[in-house]
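# Overview (structure and organization)
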Amino acid sequence: MAEEVNNQVEGNYSASNIQVLEGMEAVRKRPAMYIGDTGERGYHHLVYEVVDNSIDEALAGYCSMIDVIINKDGSLTVNDNGRGIPVDMHPTQHKPAVEVVLTILHAGGKFDGSNYKVSGGLHGVGVSCVNALSDWMKVEVKRGGKLHHIEFSRGHVTKPLEVVGDCGEETGTKVTFFPDHTIFSCHAFKWEILCARLRELAFLNKGVTIHFRDDEGEAHHEETFHYEGGIDEFVEYLNTNKKPLSPVIHFEGQKESERLDGKYLIQAEVSMQYNDSYSTLEQTYCNNIHTIEGGTHLSGFRRALTSTIKSYGERNKIIKEKELASLSGDDMREGLTVIVSVKVPQPQFEGQTKTKLGNGEVDGIVAAIVSDKLNTFFEENPAVAKTIIEKTLLAARAREAARAARESTRRKGVMDGLSLPGKLRDCSERDPAKTELFLVEGDSAGGSAQTGRDRATQAILPLRGKVLNVEKARIDRMLANAEIRTLITAIGCGFGEEWDVSKARYHKIVIMTDADVDGAHIRTLLLTFFYRKMPELIEKGYVYLAQPPLYKVERKKKSEYVLTDAELTEKLLTLGLDDFEVKAKDGRVLEKEEAKSLMTLLAEIEETSKALEARGYKAEELLKDETQQGGGASILRKLFSSLSAFGYEAQDYFGGELKKLLDDVRAHGKQGLSVYRFKGLGEMDAEELYSTTMDPTKRRMLRVKLNDAVAADQMFSLLMGDEVEPRRKFIEDNALNVRNLDF
Ligand code: 0RA
């Protein structure tokens with residue numbers, strides 16, 4: 001008898017080991033199937049999977065704090081004060097439960113008997129996948145008065161579970177992992193990417209505190225997200241730089257639904273606020289997942305919004321009968337920012353990127369909640385209702401005007417691409433995958449580009465003067481703008497209701513502007529246009545920024561082009577340090593690499609001081625005045641504290657000794673060199689412009705990406721919208737690192 005039991009245990013043991021082996025190997029063999037991809041997105045997705053478990057604990061009411069830390073060694077820690085992953089023996093697997101959770105696929109959620117796991121990342125694959133894809137993972141559990149520790153490598157236990165100490169009353173789970181760099185092409189966590197998602201999670205799960213810190217990067221960022229107001233605060237945040245036309249309006253409710261497998265609860269929450277802009281921002285979520293493609297929750301909301309506004313407006317004689325029929329849903333959403341967040345057990349995700357909610361019953365539930373409560377809100381706030389409805393009517397009239405404008409432009413052939421604009425110098429190739437459109441600032445650069453280009457694949461469209469700011473213009477005015485019409489025709493996708501990305505005539509659209517303030521302005525105007533009116537071009541990765549050189553450096557009749565100030569400095573310093581001795585404060589001669597980092601640091605100090613002076617500050621005074629906390633002062637402090645590593649102090653710089661050293665090294669580097677700074681694209685002749693900036697085999701270009709739609713929206717509202725004060729503040733805060741603007 002004893003034999004048999006034993007056999008059975010052993011049998012189970014090996015069965016479960018095979019289960020682990022197969023599961024972990026399957027994930028490592030086809031990682032993309034489990035986490036989407038193995039690039040930047042997948043790399044950060046690992047973090048979301050781990051954090052989602054902590055969020056689940058919070059949703060269940062057991063966890064209030066989540067700490068996320070990018071560690072110095074590039075690993076990442078998620079620490080929560082939930083119940084802690086169970087550590088007792090698993091009844092059928094015969095190993096500690098925590099080991100099961102971390103090594104068997106999909107073992108996470110079913111543990112406490114329910115599978116009501118409403119969190120869970122886009123792929124919802126659980127923390128065991130993260131383990132499989134990590135070079136190592138360490139887990140600490142505080143539970144039952146003891147601190148437990150277990151370690152893994154690539155999904156397999158390397159240090160079995162053991163008790164390593166006491167923890168008193170405290171409970172919680174701490175997971176630290178280092179992704180397997182042989183699997184991922186991305187090798188570092190990015191502060192901005194994680195920040196956006198963690199902030200979003202804090203908005204969506206009100207009351208939870210998420211604390212995020214970066215110990216790896218130079219910058220030592222740290223931020224705490226905690227929103228008692230939940231998605232109401234999210235809407236306020238999204239409208240930060242916009243002028244509100246209504247208070248934030250909040251609805252929530254829940255409803256039981258029935259499916260073949262039983263009853264279950266659907267929860268819905270909506271926050272909305274109108275602003276005086278012309279754009280619409282609708283962000284929808286199901287179980288904390290951003291449903292980018294929308295779905296039944298969005299359709300329910302839209303339907304209810306339209307019918308409620310129409311019926312209230314008609315009843316109260318704000319909308320005339322003849323206007324009623326011409327009002328469209330788009331009109332009601334002009335200037336609206338809204339978050340719809342639903343919690344649905346067993347959600348169905350559809351669509352190309354599996355981010356479209358498919359559960360049919362959600363539509364009616366959301367619609368019922370919105371209709372009922374929005375109507376009550378209107379009844380109680382008639383003045384707000386009137387403002388909103390009048391804006392809606394204005395939008396409808398503008399849309400009618402735009403339709404007329406579009407009709408007339410269509411007659412002129414703008415929409416169908418049959419007659420291309422005269423200014424466009426098109427290429428001969430017809431396969432859009434092989435062609436490029438250069439949008440060039442100014443007629444003279446346009447001429448050089450036209451002469452120098454590869455006629456087969458490169459088309460040139462010179463742009464004269466400033467492009468219209470679409471952030472401030474309604475569509476009718478936009479379509480009346482010649483520059484915008486030319487762009488629409490050249491690109492070939494149509495516009496508005498006729499938009500079709502598959503008709504794009506080029507798969508690379510390259511913005512080529514001068515490297516000065518005017519150039520930057522035109523670039524921003526064009527990006528605003530693409531982001532607001534043709535976002536699919538950016539999503540598909542069709543939009544690029546050309547990188548024309550800033551300098552031409554000549555030495556012994558050989559010339560070389562340099563793209564940025566930083567590269568020029570680097571070049572001069574490298575040449576300058578050739579047979580040149582640099583000493584630390586104590587007289588020790590620095591190694592080549594050390595000398596170079598000291599020089600780079602001095603160059604940075606110099607550049608920062610200059611930028612500050614241009615704005616009326618004196619670096620030396622700013623540094624001494626401890627009450628100064630702004631961007632400039634803190635950047636300066638950091639630079640000068642790095643200087644102390646070489647034994648030098650701020651006084652050595654301001655006294656002139658270090659300035660002279662920097663000048664000497666640069667002068668040494670410049671010997672026999674001539675450095676010419678380009679003032680604009682127009683100064684380059686055709687051959688030069690082609691070989692430095694357009695030749696596909698030599699050029700460098702930046703592809704425009706939308707890392708964080710929320711940040712991008714705010715950035716464009718801020719830079720291009722009506723509010724002057726926040727823009728002034730933004731520009732002042734960021735004047736020192738404008739080069740880091742990231743869309
Ligand atoms: C399984 C069961 C229980 C909690 C957890 C897993 C859990 C997992 C993670 C991952 C990160 N933090 C976590 N916190 C908890 C329920 C435990 C119970 O019933 O006491």
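Structure: above.
Residues numbered from 1 in each chain as written. Predicted model: local features only at pLDDT ≥ 70, side-chain atom pairs only at ≥ 80, totals over all residues. Heavy atoms only, no water.

### As for the site of the ligand
Defined as follows: Near residues are defined by distance, with any heavy atom within 4 Å of the molecule or strand qualifying the residue. N or O atoms within 3.5 Å of each other form a polar contact, as long as, within protein, one can give a hydrogen and the other can take it, and as long as residues adjacent in sequence are counted only when both atoms are side-chain atoms. Here the Shrake-Rupley method, with its probe set to 1.4 Å, supplies the accessible areas, and only the displayed protein chains count as covering residues. Put simply, DSSP marks the helices as runs of H or I at least four residues long and the strands as runs of E at least two long, and each gets a number from the N terminus on. Note that Gly is not counted as nonpolar here; it falls among the polar residues with everything else outside the nonpolar set of Ala, Val, Leu, Ile, Met, Phe, Trp, Tyr, Cys and Pro and the charged set of Asp, Glu, Lys and Arg.
The local shell around the ligand holds 10 residues, among which Asn-53, Glu-57, Asp-80, Arg-83 and Arg-143 are the closest. Within the contact set of the ligand, a nitrogen atom lies 2.7 Å away from a side-chain nitrogen or oxygen of Asp-80. In isolation the ligand exposes 460 Å². Once the protein is present, 85% of that is buried. When residues in the shell around the ligand are grouped by element, the largest group, three residues, is from helix α3 (residues 40-59). Of the residues that constitute the shell around the ligand, the class distribution is three nonpolar, three polar and four charged.

### Notes on empty space enclosed by the protein
Quick reminder of the rule: Residues are called lining when one of their atoms sits within 4 Å of a cavity or pocket point, these points coming from a 1 Å grid over the protein atoms alone, where a cavity is a set in which a 1.4 Å probe fits but cannot get out and a pocket is an open set with protein on both sides within 12 Å along at least five of seven lines. Grid points are joined across faces, edges and corners, and a volume is the space filled by probe spheres set on the points.
All told, the structure shown has one cavity of 30 Å³ or more when counted by the stated rule. In this structure, the largest cavity spans a volume of roughly 50 Å³. When the residues that make up the lining of the largest cavity are grouped by side-chain class, the tally is three nonpolar, one polar and three charged.

### Details of the packing of helix α8 (residues 296-315) against helix α11 (residues 361-380)
Note the following rule: Geometry is summarised by axes, namely lines fitted to C-alpha atoms with helices restricted to the contacting stretch, and by angles between N-to-C directions that run from 0 to 180 degrees. Orientation labels follow simple angle bins: below 35 degrees gives roughly parallel, above 145 gives roughly antiparallel, 65 to 115 gives roughly perpendicular, and whatever is left gives oblique. By definition, any crossing whose near helix is turned counterclockwise from its far helix by less than a right angle is left-handed, and any crossing with a clockwise turn is right-handed. The contact definition used throughout considers only heavy atoms, calling two residues in contact when any of these lie within 4.5 Å.
The N-to-C vectors of α8 and α11 enclose an angle of 30°; their axes lie 8 Å apart at closest approach. In terms of their interaxial angle, α8 and α11 are classed as roughly parallel. Considering the relative orientation of α8 and α11, their crossing is right-handed. Contacts from Thr-296, His-297, Ser-299, Gly-300, Phe-301, Arg-303, Ala-304, Leu-305, Thr-308, Ile-309, Tyr-312 and Arg-315 of α8 reach α11 at Val-362, Asp-363, Gly-364, Val-366, Ala-367, Val-370, Ser-371, Leu-374, Asn-375, Phe-378 and Glu-379. Along the lines of polarity and charge, the residues of the contact of α8 with α11 split into 11 nonpolar, eight polar and four charged.

### Details of the packing of helix α19 (residues 592-614) against helix α23 (residues 657-670)
Where α19 meets α23, the axes come as close as 10 Å, and the angle between the chain directions of the two elements is 110°. With respect to α23, the axis of α19 lies roughly perpendicular. Every pair of crossing elements has a handedness; the one defined by α19 and α23 is left-handed. On α23, the residues touching Leu-598, Met-599, Leu-602, Ala-603 and Glu-606 of α19 are Leu-658, Leu-661, Leu-662, Asp-663, Val-665 and Arg-666. Along the lines of polarity and charge, the residues of the contact of α19 with α23 split into eight nonpolar, no polar and three charged.

### Some thoughts on the nonpolar core
Quick note on the threshold: As used here, the term nonpolar core means buried Ala, Val, Leu, Ile, Met, Phe, Trp, Tyr and Cys residues forming a set that is joined through side-chain atoms within 4.5 Å. For the exposure calls, accessible area comes from a 1.4 Å probe over protein chains only, and a residue counts as buried if that area is under 20% of its type's maximum, exposed if over 50%, partly exposed in between.
In this structure, Leu-76, Met-137, Val-139, Phe-177, Ile-210 and Phe-212 are the most contacted members of the largest nonpolar core, which totals 64 residues. With nine residues, helix α6 (residues 191-204) is the largest single contributor of residues to this core. When sequence neighbours within four positions are dropped, the list of residues in contact with Phe-212 reads Val-68, Ile-70, Trp-191, Leu-194, Cys-195, Leu-198, His-221, Glu-222, Glu-223 and Phe-225. Among the nonpolar cores identified, the runner-up in size contains 46 residues, and Leu-437, Leu-463, Val-470 and Ile-538 belong to it.

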